[in-house]
Amino acid sequence: MISLSQGRLQDRKPLSVIDIGSNSIRLVIYEGVARSPTTLFNEKMLAGLGRGLVTTGKLDPEAVTRAMEEFRRFRALSEQAGAEKLYVIATAAAREAENGPDFIHRAEEVLGTEIRVLSGREEAYYSALGVISGFHPADGIAGDLGGGSLELVDVDGEAIGEGITLPLGGLRLQDMAKASLAAAARIAREQIARADLLHEGEGRPFYAVGGTWRNLARLHMITTGYPLAVMHHYEMNIANAVPFLQKVARGDIDKIKGIEGVSKVRRALLPYGAIVLLEIIQAMRPSEIVVSALGVREGFLYSLLSEEERRKDPLISAAEELALLRARSVTHARELVEWTTATLSAFEIAETGEEERYRQAACLLADIGWRAHPEYRGTQSLNIIAHASFIGVDHPGRLFLALVNAFRNDGVFNDAIAPELKALATQPYLDRARLLAAMMRVVYLLTASMPGVMPRLRWEKRADGTLVLVIPPDLAGLYGERPIGRIAQLAKISGKKLELAVA
């Protein structure tokens, strides 16, 4: 019997999803069905099944042959990874091509499972679920641009509005316009005019889903010098995004910095993705463009969750899982959540709902770097957290989580910590990160990173306003010079009069 590594969650049963799109085919093997899914294996091929579909009405024959070979490999990979279930979904090209049914039949024989060919309405629905699962909460218009179609749908919390499918996928638009960018712009304008739901999105975010838009966002990051290379929840300001998109839409992309990082197959479709996004901006007038790394696949996975699981906070779920896998004690991490709650109350410091959930996540992540050399714990933890595949958190919030850990390990007054990233965190988050880290630096010296102590510590307020952190008599041996120094540091950060004492 093969035993699983301790780096795996032992209660998860792997499953696989194959997404057959008009341009790409992708296999993703997940650790299990979870609120914040973790990928065990991910592979794609740019088959181009939908290339020429507009003129021939059929899937590209060479792409079909290549796809069948890849399906054999995907099935073998899924079985090798121990996936207990293989789900296969297909979108625009497979449902619209004359030879689509024959292709699906052959693919089912190769894969050994039924393939679900999504309607345009179902594709929009699952794409919306993907956005809903990835943002806390989602509120705007979600747009999923594939190779064959564009799905637009209004999302507001868990509510999904009526969606619309438009023939504006990159491959299809390229074919319809006969590779003319000017013609593509006219076609996009005409089709986008049909999407009345975009008018309801004015002043709200537009959630951009799909590989073409992700590659555009990656180029935008590089051209603007953005320091955090994390795609999910990357926000493109409309004022500086429009000139960039206009440049790409003119087809002048070979000189754009970073273009060599985009495959040539994807590169050819970037101008068409930019054209469509410009028309959406013109029609909708969104507050910003927000990139979603989650789409139809993740939406389908989200649909498999129970109602109870769906209600869980994805960020807290992911942070708790990481604590379980990497912290010295997940119980200690949970106690830290409760102790910092009580400490903020004693300090009479209020929190917004978002600040509270970010603090909880930061506490759960506070000890994930303990195996590193002490001199590198802060840096390693910062990099792990800043670049983790978290969802349900924006970039400033992500950097708050990372900086709390860095300050805890490397010192709250250490100005040399990641200056380029600190600039993205915003000053309120920086101040809050230092405060939370200072609290952690006190309590970790009293607990040896093990549970059982924090629930027994209490804050008492003296008549002169001094707040005293009281250690119970049987734990008096924990009192000492270093924790006294850390209390003084917390006092300086918080602006409170603080002392440490034994009851």
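Per chain, residue numbering runs from 1 following the sequence as it is written. Selection of residues for local features in this predicted model requires a pLDDT of at least 70, selection of side-chain atom pairs for listing and counting requires 80 or more, and totals for whole chains, interfaces and linings are taken over all residues. Each side-chain value is derived from all of the structure's non-hydrogen atoms; neither hydrogens nor water enter the calculation.

Enquirer: Any chance you could explain helix α16 (residues 353-364) here in plain terms?
Expert: For the α-helix, the turn length of 3.6 residues means that residues three or four positions removed from each other point alike. Secondary structure elements are taken from DSSP: a helix is a run of H or I of four residues or more, a strand is a run of E of two residues or more, and numbering for both begins at the N terminus. One less than the number of residues in a helix, times 1.5 Å, gives the span that helix is expected to have. The end-to-end C-alpha distance of α16 is 17 Å, a good match for the 16 Å that 12 residues give at a rise of 1.5 Å each. The set of residues buried in α16 consists of R357, Y358, R359, A361, A362, C363 and L364. Those residues of α16 that are buried are in contact with α14 (314-326), α15 (330-347), α18 (395-410) and α20 (427-447). The buried label applies to any residue whose accessible area, calculated with a 1.4 Å probe on protein chains only, is under 20% of its type's maximum; exposed applies above 50%, and partly exposed to all values in between. Any two residues whose heavy atoms approach within 4.5 Å are treated as being in contact.

Enquirer: Teacher, can you tell me more about the side chain of N405 here?
Expert: Position of N405 among the secondary structure elements: in helix α18. For N405, a relative accessible area of 2% puts it in the buried group.

Enquirer: Honestly, unusual backbone geometry in this entry has me stumped. Any pointers?
Expert: Negative phi values dominate among residues other than glycine, just as trans dominates among peptide bonds. Following H136, the chain continues to P137 via a peptide bond in cis, the omega torsion being -10°. Relative to the assigned elements, P137 resides in the loop between α5 (120-134) and β6 (139-145). Positive phi, close to 75°, is recorded for T426, a residue that is not glycine. Note that T426 resides in the loop between α19 (419-425) and α20. Phi at S449 is positive, roughly 65°, even though this residue is not glycine. Tracing the backbone through its elements, the reader meets S449 in the loop between α20 and β13 (458-461).

Enquirer: Help me understand helix α4 (residues 100-111), please; the structure alone is not making it clear to me.
Expert: Between the first and last C-alpha of α4 there are 16 Å, a value that for 12 residues agrees with the 16 Å anticipated at 1.5 Å per step. Check the buried side of α4 and you find it contacts β1 (15-20), α2 (61-80), β4 (86-90), α3 (92-96) and β5 (115-117). Just past α4, the residue G112 takes up positive phi, approximately 70°.

Enquirer: Please clarify how the pattern of salt bridges should be interpreted in this entry.
Expert: Side-chain pairs of opposite charge can arise where the charged atoms are in close proximity. Salt bridges, as used here, are contacts in which a Lys or Arg side-chain nitrogen is within 4 Å of a carboxyl oxygen on Asp or Glu. Taken as a whole and assessed by the stated rule, the structure comprises 28 salt bridges. We note a salt bridge from R357 to E354, for which the minimum N-O separation is 3.4 Å. Of this pair, R357 and E354 both sit in helix α16, separated by three residues, roughly a single helical turn. For R357, a relative accessible area of 5% corresponds to the buried category.

Enquirer: Honestly, the sheet that holds β1 in this entry has me stumped. Any pointers?
Expert: Two strands in a sheet stick together by hydrogen bonds in their backbones, pointing the same way (parallel) or opposite ways (antiparallel). By this definition, two strands are paired if DSSP reports at least two bridges between them. Read across the sheet, five strands follow the order β3-β2-β1-β4-β5 without closing on themselves; strand pairing throughout is mixed. Across the chains shown, the open sheet's two edge strands, defined by having one partner strand only, are β3 (39-45) and β5. Shown here is a sheet whose adjacent strand axes are inclined to one another by a mean of 15°, direction ignored. Judged from the three bridges that link them, β4 and β5 form a sheet pairing that is parallel. The partner of I89 across the bridge, within β5, is R116. Comment: axis = line fitted to C-alpha atoms, over the contacting stretch for helices; angle = value between 0 and 180 degrees taken between N-to-C directions. Sheet strands touched by α4: β1, β4 and β5. Its angle to β5, the strand with the most contacts, is close to 150°.

Enquirer: So what exactly am I meant to see when it comes to the nonpolar core here?
Expert: A general feature of soluble globular proteins is that nonpolar side chains tend to end up buried together. Of all hydrophobic cores here, the largest spans 69 residues; its most connected members are L336, W339, F390, F400, L401 and L469. Listed in part, the 50 residues of the second largest apolar core include A241, L245, I253 and V291. Only buried Ala, Val, Leu, Ile, Met, Phe, Trp, Tyr and Cys residues count toward a nonpolar core, and they belong to the same one when joined by side-chain atoms within 4.5 Å.

Enquirer: I keep staring at the packing of aromatic side chains and nothing clicks. Help me out?
Expert: Aromatic ring pairs are described here by two measures, namely the spacing of the ring centres and the angle between the planes. Under the pairing criterion, centres of Phe, Tyr and Trp rings, with the six-membered ring standing for Trp, must be within 6.5 Å; the plane angle then separates stacked pairs below 30 degrees from edge-to-face pairs above 60, leaving the rest tilted. The final tally for this structure, using the stated rule, is 11 aromatic pairs. Plain terms: the ring middles of Y358 and Y429 are 5.9 Å apart, the flat faces sit at 55° to each other, and that makes the pair tilted. Here Y358, found in helix α16, pairs with Y429, found in helix α20; they are 71 residues apart in sequence, far enough to count as distant. Centroid distance F400 to Y429: 5.6 Å. Interplanar angle 40°. Geometry classified as tilted. Note that F400 is positioned in helix α18 and Y429 in helix α20, a separation of 29 residues in sequence.

Enquirer: I would appreciate a short explanation of the sheet that holds strand β15 (residues 498-502) in the present structure.
Expert: If you walk across this open sheet you meet the three strands as β13-β14-β15, and the pairing is mixed. Each edge of the sheet is formed by a strand with only one pairing partner; in this case those strands are β13 and β15. The average angle at which neighbouring strand axes cross in this sheet is 35°, direction not considered. As paired elements, strand β14 (residues 467-471) and β15 share five bridges and run parallel to each other. Pairing of L467 across the sheet is with L498, part of β15. Contacts from helix α21 (residues 481-494) reach β13, β14 and β15 within the one sheet, and its direction differs from that of β15 by about 150°.

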